[in-house]
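# Summary of the model geometry
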Amino acid sequence: FRTERQSRKLTLVIVFIALLLDNMLLTVVVPIIPSYLYTVDDAVANMAKNHTTASPHTPSGTFHTIVSLYDNSVRVTSRGPMDSTPITLDQAQAVSLSTSALTPHNSTEPDCPKADDQLLNENVKVGLLFASKATVQLITNPFIGPLTNRIGYQIPMFAGFCIMFLSTIMFAFSSSYTLLFLARSLQGVGSSCSSVAGMGMLASVYTDDEERGNAIGIALGGLAMGVLLGPPFGSIMYEFVGKTAPFLILAVLAVLDGALHFLTLFSLQSQKGSSLWSLIKDPYILIAAGSICFANMAIAMLEPALPIWMMETMCPRKWQLGVAFLPASISYLIGTNIFGVLAHKMGRWLCSLIGMVLVGVSILCVPFAKDIYGLILPNFGVGFAIGMVDSSMMPIMGYLVDLRHVSVYGTVYAIADVAFCMGFALGPSAGGAIAKNIGFPWLMTIIGVVDILFAPLCYFLRSPPGREEKMRYAFEYWLLVKAASDAERTIHCRPHRLKLLPSFHYQVKRRERNSRHTLIMRHTLNGLSV
């Protein structure tokens, strides 16, 4: 039973569910928050306008509406501060909807939000809210990486589940912008713990480069499923059940995976790896991290800006705001599963280069869509290309540490997560401001061109050089293997020397078992055999 608890398959299942939960919570808010904030703001504005019209003799010095962040209510005042009635935000939405229902309009025209300053201002508010998670995660990651090297991966992973559960509960019951912002920021801390520790766990238990690539591809499938299920799940539940329901379901999932991970909580390990600064100075790690950052920045800019652009130009229903991301999510799931295996054969550098170009071309095509059906092909291309990049660069980060540094993976996957978070921090925050000032089409043009220009740098990852110390270990390993091979050939002509063979095999197996440079030795042996 103890062996089963610590098995590689159980580790893979735990990381898969952790990434699924994190990214479902990341994307389930994409269709909910823009519509929810616009509804609340529009309700408050309409109530203030209606009350002003109904009470023309109200003194100019009095407040007409007061938003209370203490109990999440809107107080509508009449002639004096003592004459006030508290109304919850849900009631405010109902009042707004009933008011709009009484307003005469042509029933054949869609009931769309007006493309006014209020809707444009939602770009900035939603962008800052979405970026808060990645910003906090960006700050937390440099501390989580070295921490996993000291105390192991299990405790940070379990802490991540606990924080994720708390964040999900806050999302479910928060109705003000401040509390939603706090819940999103808290999610960044939990995501930092679970993602860094999870990828480090996989890299440590899957030491073979090809097996590691396959395992990371499967784990990224959990990420892809979270991205896939989040937007449509959130939009459908929000329209037909309510805002609270999807977050409560995710909270239950967090509890279940946390209980599963509790089984492995006490298998602690401490390892001393390369310093964070030495890894940051490595140009090859920086190129790999840059690919992750700019590829994911494309979808990060798309998430807050696309629903608002659709509300301006397409007049969609609430559930369509989330379904628009469905092609990208499906294609990301396909891409990570295909190229988790294929990238090792075709060359991960080439897979990433093609993916970066495809991200840029696809994102440039998004503004040409005239309806929701026109978004299918561009979004499919964006998701598929990001899947190519992620499934190639995540294994390369571990491979570069094996090749050029000490094979301890917490810090390098903290850098990978920092790159991911920089994309999701700069993307929504800068993207919201750019979309407001120069428009959504120019926003897509900028990030598309950046991705295409960055793509050629992936060529430098074709054959990165190893460190001299690692090459010395590899040469010693090659000498042992060569000696064992010579002994095997000697057996055919000198059977009495058969007793020498076990000692050679023992030295080779001991080197394979104890050395952290086995992958590098095999890599160098391939070069020596050529």
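Okay, so let's go over this structure. Computed from a predicted structure; not experimentally measured.

## Section: the side chain of Arg184
- Within the element layout of this structure, Arg184 appears in helix 7 (residues 177–205).
- A polar contact of 3.5 Å, which involves the side chain of Arg184, links it to the backbone oxygen of Phe130.
- Not counting residues within four places of it along the chain, the set of residues in contact with Arg184 comprises Leu25, Leu26, Val29, Leu129, Phe130, Ser132, Lys133 and Phe171.

## Examining the packing of aromatic side chains
- All chains considered together, the criterion is met by seven aromatic pairs.
- Ring geometry for Phe171 and Phe247: centres 5.2 Å apart, planes at 10°, overall stacked. Taken together, the residues span a long stretch of sequence, with Phe171 in helix 6 (residues 154–173) and Phe247 in helix 9 (residues 244–262) at a distance of 76 residues.
- By relative accessible area, which is 1% here, Phe171 ends up buried.
- Taking 4.7 Å as the distance between ring centres and 20° as the angle between the ring planes, the aromatic pair formed by Trp309 and Phe440 counts as stacked. Residue Trp309 is found in helix 11 (residues 283–313), and its partner Phe440 is found in helix 17 (residues 440–454); the two are separated by 131 residues along the sequence. In terms of burial, Trp309 and Phe440 fall into one category: buried.
- Taken together, the ring pairs connect Phe339, Phe380 and Phe384 into an aromatic cluster.

## As for the packing of helix 11 against helix 16 (residues 410–437)
- It is at 7 Å that the axes of helix 11 and helix 16 come closest, and there the two elements cross at 35°. As helix 11 packs across helix 16, the resulting crossing turns out to be right-handed. Contacts between helix 11 and helix 16 involve Ile285, Ala289, Ile292, Cys293, Asn296, Met297, Ile299, Ala300, Met301, Glu303 and Pro304 from the first element and Val412, Ile415, Ala416, Ala419, Phe420, Met422, Gly423, Phe424, Leu426, Gly427, Pro428 and Gly431 from the second.
- Grouping the amino acids of the contact of helix 11 with helix 16 by side-chain chemistry returns 18 nonpolar, four polar and one charged.

## Topic: the packing of helix 2 (residues 8–28) against helix 6
- Between helix 2 and helix 6, the shortest axis-to-axis distance is 11 Å and the interhelical angle comes to 25°. Between helix 2 and helix 6, the interaxial angle falls into the category roughly parallel. Every pair of crossing elements has a handedness; the one defined by helix 2 and helix 6 is left-handed. Seen from helix 2, the contacting residues are Ile14, Val15, Ala18, Leu21, Asp22 and Leu25; seen from helix 6, they are Met157, Phe161, Met164, Ser167, Thr168 and Phe171.

## What about the pattern of salt bridges?
- Scanning all chains against the criterion turns up two salt bridges.
- Close ionic contact of Asp402 with Arg212 constitutes a salt bridge, the shortest N to O distance being 2.9 Å. Of this pair, Asp402 sits in helix 15 (residues 376–404) while Arg212 sits in helix 8 (residues 209–240), and the two are 190 residues apart along the sequence. Each member of the pair Asp402 and Arg212 is classed as buried.

About the cut-offs
Residues numbered from 1 in each chain as written. Predicted model: local features only at pLDDT ≥ 70, side-chain atom pairs only at ≥ 80, totals over all residues. Heavy atoms only, no water. Helix = DSSP H or I, 4+ residues; strand = E, 2+ residues; numbered from the N terminus. Polar contact = N/O pair within 3.5 Å; in protein donor to acceptor, adjacent residues only side chain to side chain. Contact = heavy atoms within 4.5 Å. Phe/Tyr/Trp six-rings, centres within 6.5 Å; stacked < 30°, edge-to-face > 60°. Buried < 20%, exposed > 50% of the residue type's maximum accessible area, 1.4 Å probe, protein only. Axes fitted to C-alpha atoms, helices over the stretch in contact; angles between N-to-C directions. Left-handed = near helix turned anticlockwise from the far one by under 90°. Nonpolar A, V, L, I, M, F, W, Y, C, P; charged D, E, K, R; others polar. Parallel < 35°, antiparallel > 145°, perpendicular 65-115°, else oblique. Salt bridge = Lys/Arg side-chain N within 4 Å of Asp/Glu carboxyl O.

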